[in-house]
Amino acid sequence: MVNAVEAVGLRKTYGSGPGAVVALDDVSLVLPRGTVAALLGPSGSGKSTLIKALGFVSPADTGTVLFEGKAVVRDGQALADLARLRRQHLGFVFQKANLTSFLNARENVEIACEFGGKRQARQRARELLSYLGVAAREKSYPEMLSGGEQQRVAIARALANEPSLILADEPTAALDGARSRSVMELFRKVAHDRGAAVLVVTHDHRALDVFDVLYEMEDGRLRPYARTVAAS
Ligand SMILES: Nc1ncnc2c1ncn2[C@@H]1O[C@H](COP(=O)(O)OP(=O)(O)OP(=O)(O)O)[C@@H](O)[C@H]1O
Ligand SMILES: [Mg+2]
């Protein structure tokens, strides 16, 4: 399986002197396509910092990020057109859906399809909403949608350009247990059906069985997370 993204030896420090915070401490990670991975860990452990480095939003100070086998950032320097890469190959989902309030659900997805240069953007937006189980809400404006529905539309939008890498930073923090689980299951479906690599930051330990791989961060260090078997 091709690796969507690979990080080698990432380090990042915020600030300097005694107040400096090491947010990434020699982090290496491989995310193959077709895999859905969870990223766990306490507040301040560096999860969002890692997501931003892997998403070419804010680079690490040192280390290399490869995208589909090619080095694209090394020691904070871009080796490729990162804006284009983000636009055409990456999808982001955040804690809040951040839909555009004056566009309906379909238009929110359609505009992302157009932005990425997709033909038949309207039809594609409809297919994506249908894939995510919110086709019936196509004409609803964000304020008319529940939190879970908004998040499904946001995921449809993230899929607009058939990303090979999807990065989700606490996408279900505002949802209850059942809705959170069904969103996590959608990420699994996207990884397995569409061959994307999906990395999801989550604090919700109830849906960990959905993931193929579990990672945990602590004080900027990344390690595999040992799945504990629930006592019966
Ligand atoms: N822009 C910044 N400037 C200075 N320090 C920062 C900045 N962003 C993050 N930090 C610090 O870096 C560390 C890691 O932050 P990060 O946001 O990656 O943690 P996190 O694991 O995502 O936490 P949370 O679960 O609360 O979202 C924290 O100590 C944080 O205070
Ligand atoms: Mg965070």
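These remarks concern the structure in this document. Being a predicted model, the structure only gives us computed values, none of them experimental.

What to know about the sheet that holds strand β3 (residues 36–40)
At step 1: The six strands lie next to each other as β7-β8-β9-β3-β10-β11, forming an open sheet whose pairing is mixed. Two strands close off the open sheet at either side, each with one partner strand: β7 (90–93) and β11 (221–224). Neighbouring strand axes in the sheet, compared pairwise and without regard to direction, differ in orientation by 20 degrees on average.
At step 2: In the sheet, β3 pairs with strand β9 (residues 197–201) via four bridges, with the strands oriented parallel. From the neighbouring strand, Val36 faces β9, where its bridge partner is Val198.
At step 3: Helix-sheet contacts for helix α2 (residues 82–89) involve β7 and β8 (165–169), and the interaxial angle to β7 is about 75 degrees.

Looking at the nonpolar core
At step 1: Grouped together as the largest cluster of nonpolar side chains are 42 residues, with contacts concentrated most on Val109, Leu132, Val153, Leu159, Phe187, Val198 and Phe211.
At step 2: Of all elements in the fold, only β3, α3 (105–115), α4 (121–131), α5 (147–158), β8, α6 (177–194) and β9 reach the threshold of two or more residues within this core.
At step 3: Here this core gets six residues from one element, more than from any other, and that element is α6.

So, the pairing of strand β1 (residues 3–14)
One face of the sheet, then the other: side chains in a regular strand alternate in exactly this way.
At step 1: With nine bridges connecting them, β1 and strand β2 (residues 21–32) associate as antiparallel partners. Directly across from Tyr14, in β2, lies its bridge partner Val21.
At step 2: What sits between the antiparallel neighbours β1 and β2 is a turn of six residues, in which Gly15 has the positive phi angle 75 degrees.
At step 3: Judged from the five bridges that link them, β1 and strand β4 (residues 62–67) form a sheet pairing that is antiparallel. Its bridge partner lying in β4, Val8 is registered against Thr64.

A word on the pattern of salt bridges
At step 1: Taken as a whole, this structure holds 17 salt bridges when the rule is applied.
At step 2: As a salt-bridge pair, Arg122 and Glu110 come within 3.5 Å of each other at their nearest N and O atoms. Separated by 12 residues along the polypeptide, Arg122 in helix α4 and Glu110 in helix α3 bring together distant segments of the chain.
At step 3: Taking the relative accessible area as the measure of exposure, Arg122 reaches 42% and is therefore partly exposed.
At step 4: Using a relative accessible area of 9% as the deciding quantity, one classes Glu110 as buried.
At step 5: Linking Glu138 and Arg126 is a salt bridge whose minimum nitrogen-to-oxygen distance equals 2.7 Å. In this pair, Glu138 is assigned in the loop between α4 and α5 and Arg126 in helix α4, connecting sequence segments 12 residues apart.
At step 6: Where salt bridges share partners, they join Arg106, Glu110, Arg122, Arg126 and Glu138 into one cluster.

Considering the packing of α4 against α6
At step 1: At a minimum axis distance of 12 Å, the contact between α4 and α6 shows a crossing angle of 120 degrees. As the angle between them shows, α4 and α6 are arranged oblique. Taken together, the residues of α6 that come into contact with α4 (itself represented by Arg124, Leu128 and Tyr131) are Lys189, Val190, Asp193 and Arg194.
At step 2: Tallied by class, residues from the contact of α4 with α6 come to three nonpolar, no polar and four charged.

Section: the site of ligand 1
At step 1: Close contacts around ligand 1 come from 13 residues, with Ser43, Gly44, Lys47, Ser48 and Thr49 the closest.
At step 2: A distance of 2.8 Å separates an oxygen atom of ligand 1 from a polar backbone atom of Gly44.
At step 3: Within the side chain of Ser48, an N or O atom sits 2.9 Å from an oxygen atom of ligand 1.
At step 4: Considered on its own, ligand 1 offers 630 Å² of accessible surface; in the complex 60% of this is hidden by protein.
At step 5: For the shell around ligand 1, the secondary structure elements donating two or more residues are β2 and α1 (47–54).
At step 6: When residues of the shell around ligand 1 are assigned to their parent elements, the largest contribution, three residues, is made by α1.

Calculation rules
- Residues numbered from 1 in each chain as written.
- Chains lettered and ligands numbered in written order.
- Predicted model: local features only at pLDDT ≥ 70, side-chain atom pairs only at ≥ 80, totals over all residues.
- Heavy atoms only, no water.
- Pairing = 2+ DSSP bridges.
- Helix = DSSP H or I, 4+ residues; strand = E, 2+ residues; numbered from the N terminus.
- Axes fitted to C-alpha atoms, helices over the stretch in contact; angles between N-to-C directions.
- Contact = heavy atoms within 4.5 Å.
- Core = buried A, V, L, I, M, F, W, Y, C linked by side-chain atoms within 4.5 Å.
- Buried < 20%, exposed > 50% of the residue type's maximum accessible area, 1.4 Å probe, protein only.
- Salt bridge = Lys/Arg side-chain N within 4 Å of Asp/Glu carboxyl O.
- Parallel < 35°, antiparallel > 145°, perpendicular 65-115°, else oblique.
- Nonpolar A, V, L, I, M, F, W, Y, C, P; charged D, E, K, R; others polar.
- Near = heavy atom within 4 Å.
- Polar contact = N/O pair within 3.5 Å; in protein donor to acceptor, adjacent residues only side chain to side chain.
- Areas by Shrake-Rupley, 256 points an atom, 1.4 Å probe, with all protein chains shown as cover.

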